[in-house]
Amino acid sequence: MLFFRRQESSSADIETLVSRAQNGDGEAFGRIYDQFVDQIYRFAFFKVSNPHLAEDLTQTIFLKALERLGSFRRESSFASWLFTIARNTITDFYRTNHKKLSLAAAENISSPDSSMNLEAKELLEKTFAEMGKLSQEEQEVLRLHAIEEYSFAQIEKVMNKKEGALRIIKHRALKKLKEKLDL
Amino acid sequence: MNNTQELETIEKQVRKLRQIKPNPVWKAGLRTIAIKKVSPSRGSLPIFWRGKIFAVGSLVLLFFFGTGVVASSSLPGDSLYPFKRRFEEMQLSALGNRSNLEVQQELTQRRVADLTKVVQMQKDQVQEAISEVRASVKQVREQIADAKAQYQSLTQTGQDTTQVKRTLIELKPALNESQEQLSSIQIVLAGTEQKEVTSLIDSLKEIEKEVEEVTLEEIQPLPNTNSPTRTTP
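Everything quoted here is computed from the prediction, not taken from an experiment. (Residues numbered from 1 in each chain as written. Chains lettered and ligands numbered in written order. Predicted model: local features only at pLDDT ≥ 70, side-chain atom pairs only at ≥ 80, totals over all residues. Heavy atoms only, no water.)

Q: Help me understand the overall build of chain A in this model?
A: Regarding its fold elements, chain A presents eight helices and zero strands. Each helix and strand of chain A, placed in order from N terminus to C terminus, yields the pattern α-α-α-α-α-α-α-α. Relative to its 183 residues, chain A shows a buried fraction of 50%. Restricting to contacts in chain A with at least 6 residues of sequence separation, those with at least 24 account for 64%. A total of about 9,100 Å² of accessible surface is found on chain A, and carbon and sulfur atoms cover 48% of it. (Helix = DSSP H or I, 4+ residues; strand = E, 2+ residues; numbered from the N terminus. Buried < 20%, exposed > 50% of the residue type's maximum accessible area, 1.4 Å probe, protein only. Contact = heavy atoms within 4.5 Å. Areas by Shrake-Rupley, 256 points an atom, 1.4 Å probe, with all protein chains shown as cover.)

Q: Sorry if this is basic, but what is going on with the overall build of chain B here?
A: Of the regular secondary structure elements, chain B holds eight helices and zero strands. Reading chain B from its N end, one meets helices and strands in the order α-α-α-α-α-α-α-α. Sorting the 233 residues of chain B into buried and exposed places 34% on the buried side. Counting only contacts in chain B whose residues sit at least 6 apart along the sequence, the fraction spanning at least 24 positions is 65%. Summed over its atoms, the accessible surface of chain B is roughly 14,600 Å², and 55% of this surface lies on carbon and sulfur atoms.

Q: Looking at this model, I keep getting lost on the interface of chain A and chain B. Mind explaining?
A: It is common to report an interface's size as the accessible area lost on association of the parts. Counting from both sides, the interface comprises 54 residues of chain A and, opposite them, 35 residues of chain B. Summed over the shared surface of chain A and chain B, the number is seven salt bridges. Of the charged contacts in the structure, one is a salt bridge between Glu6 of chain B and Lys178 of chain A, with a shortest N-O distance of 2.9 Å. For the pair chain A and chain B, the interface holds 13 residue pairs in polar contact (both at pLDDT 80 or more). Sorting the residues of the side of chain A that touches chain B by element identifies helix H1 (8–22), helix H2 (26–48), helix H3 (51–68), helix H5 (118–132), helix H6 (136–147) and helix H8 (163–180) of chain A as the ones contributing at least two each. Of the residues forming the side of chain A that touches chain B, the biggest block, 13 residues, is contributed by H2 of chain A. Each residue belonging to the side of chain A that touches chain B can be placed in one class, and the counts come to 23 nonpolar, 14 polar and 17 charged. (Salt bridge = Lys/Arg side-chain N within 4 Å of Asp/Glu carboxyl O. Polar contact = N/O pair within 3.5 Å; in protein donor to acceptor, adjacent residues only side chain to side chain. Nonpolar A, V, L, I, M, F, W, Y, C, P; charged D, E, K, R; others polar.)

Q: How should I be thinking about the pattern of salt bridges in this particular structure?
A: One side chain can pair with another of opposite charge once the charged atoms of both are near each other. A complete count under the given rule lists 27 salt bridges over all chains for this structure. Across the pair Glu130 of chain A and Lys126 of chain A runs a salt bridge whose closest N-O atoms are separated by 3.9 Å. One end of the pair, Glu130 of chain A, and the other, Lys126 of chain A, are both in helix H5, four residues apart, so they sit about a helical turn from each other. For Glu130 of chain A, a relative accessible area of 9% gives the class buried. What makes Lys126 of chain A partly exposed here is its relative accessible area of 37%. Residue Arg110 of chain B pairs with Glu106 of chain B through a salt bridge whose shortest N-O separation is 3.3 Å. Taken together, the residues Arg110 of chain B and Glu106 of chain B, both in helix H5 (residues 100–120) and four residues apart, mark about one turn of the helix.

Q: Help me understand the side chain of Ser74 of chain B in this model?
A: With respect to the element layout, Ser74 of chain B can be found in the loop between helix H3 (47–71) and helix H4 (81–94). Every residue in contact with Ser74 of chain B, bar those within four places of it in the chain, is listed here: Leu80, Tyr81 and Lys84 of chain B.

Q: Looking at this structure, I do not really get the nonpolar core. What am I missing?
A: Nonpolar side chains in soluble globular proteins tend to be buried together. Judged by nonpolar contacts, the single largest core of 54 residues is most densely connected at Phe29, Phe36, Phe78 and Leu142 of chain A. For this core, the leading source of residues is H2 of chain A, giving 13 residues. Look past the residues within four positions of Leu142 of chain A in its chain and what remains in contact with it is Met131, Leu134, Ile147, Lys170, Ala173, Leu174 and Leu177 of chain A together with Val14 of chain B. Leu75, Val137, Leu171 and Val211 of chain B belong to the second-largest nonpolar core, a separate cluster that totals 30 residues. (Core = buried A, V, L, I, M, F, W, Y, C linked by side-chain atoms within 4.5 Å.)

Q: Sorry, what's going on with the confidence of the model for chain B here?
A: Detailed reading of the predicted model is not advised wherever pLDDT is low. Residue and element names in this part refer to chain B. In this model, chain B carries an average pLDDT of 78, and 81% of its residues clear a pLDDT of 70 or more. Counted against residues more than four places away or in other chains, residues 224–233, with its pLDDT under 50, gives one contact. Among the prediction metrics, the complex's ipTM stands at 0.81, with pTM recorded as 0.50. (pLDDT = per-residue confidence, 0-100.)

Q: Even after reading the chapter, I still don't get the side chain of Ser203 of chain B, so can you show me in this structure?
A: Residue and element names in this part refer to chain B. Counting through the fold element by element, Ser203 comes out in helix H8 (residues 191–219). Exposure remark for Ser203: the relative accessible area of 18% places this residue in the buried category. Once residues lying within four places of it in the same chain are set aside, the contact partners of Ser203 are Val137 and Arg141.

Q: Quick question: what am I supposed to make of the layout of surface pockets here?
A: Unoccupied space between atoms shows up once a probe the size of one water molecule is rolled over them. Residues and elements named next belong to chain B. Empty space within the second largest pocket amounts to approximately 190 Å³. In terms of residue count, helix H6 (residues 126–156) provides more of the lining of the second largest pocket than any other element does, four residues in total. Class assignment of the residues belonging to the lining of the second largest pocket gives a composition of three nonpolar, six polar and one charged. (1 Å grid on protein atoms, 1.4 Å probe; cavity = no way out; pocket = protein on both sides within 12 Å on 5 of 7 lines; lining within 4 Å. Points joined across faces, edges and corners; volume = space filled by probe spheres on them.)

Spelled out as structure tokens, the structure:
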């Protein structure tokens, strides 16, 4: 499983919202959506490097989650369950569209920060592009720890790697980026 | 800048990728779509609860049918006999396409069969068994009265009475059978019990006559002044 609990309290809140959504409470599902939509979108964007495709995939993932909400059995956290759907959806997408996709570069990284200058935006795109050249394992550790701010203890459970090994992977990944990014 | 500081700078730059977010308008639109799609009918109960409800439901059904099976061999006066009667009522009613009258007559035959068993097995519950038959016959009588009222109403309004007649005609063999069975018991009984069974047979005969009042009309149409004079055979 890829994702898990960030904080016990917020996880408990999510479980309550899930129960309410399972009983037909639309607003509860709305709050679940608010909690995860950006993470899911980024997860998809990191895989397809295209904002429109990432949006399409995010929509598919949430609608699938909605369809299957009744079958969520709490054997794992809701986040793990949701990201399993996300991973499977993206795998299916690749299987069907692998010839059409170009993973070379990110297109139009959408940023809410309108004040960001062109140079900063270019650097952000370069960071994204260089991150995409790292191994899957390195990308995953960086994304989870540096971007989504999960702790190593949490990532340890998901990636089945010891905290020490995760730290080494992260260190190695940052060193690789350092060589590519002129900061 | 030392190596650690350099890596921290890179990490800060990577962290900026958190700014990757979907278009807010698109995000709000999908939220609206998702909320609208949530409805109570969609997975209204978590699997956990659905499983529990299924399990409890199965146990109730198992208990119900288990009791029905065990009670099926019970006789009047036994503790499970009320279950047997209720179970039979539900069973017969569930068969569909059967009028209340047909169901009630079938139940009466079963009560007569119970009485026969009690007598054959020389059990002490003859009185209880006779009471069961009497209650059942009384209900048949009420149903016959209803059927007759329905027949008269249909006749007066010029509507088709075939169905009512057919039901009553089909009832006659069962009434005869019950009478014969009760007559065979009557012989072996004595005293009050014998008198009560005789009274039951009389009641069934009266019911039969009431049935014939309706069904004979089918054979003998109402007198018509314009029709040719019938000759007595």
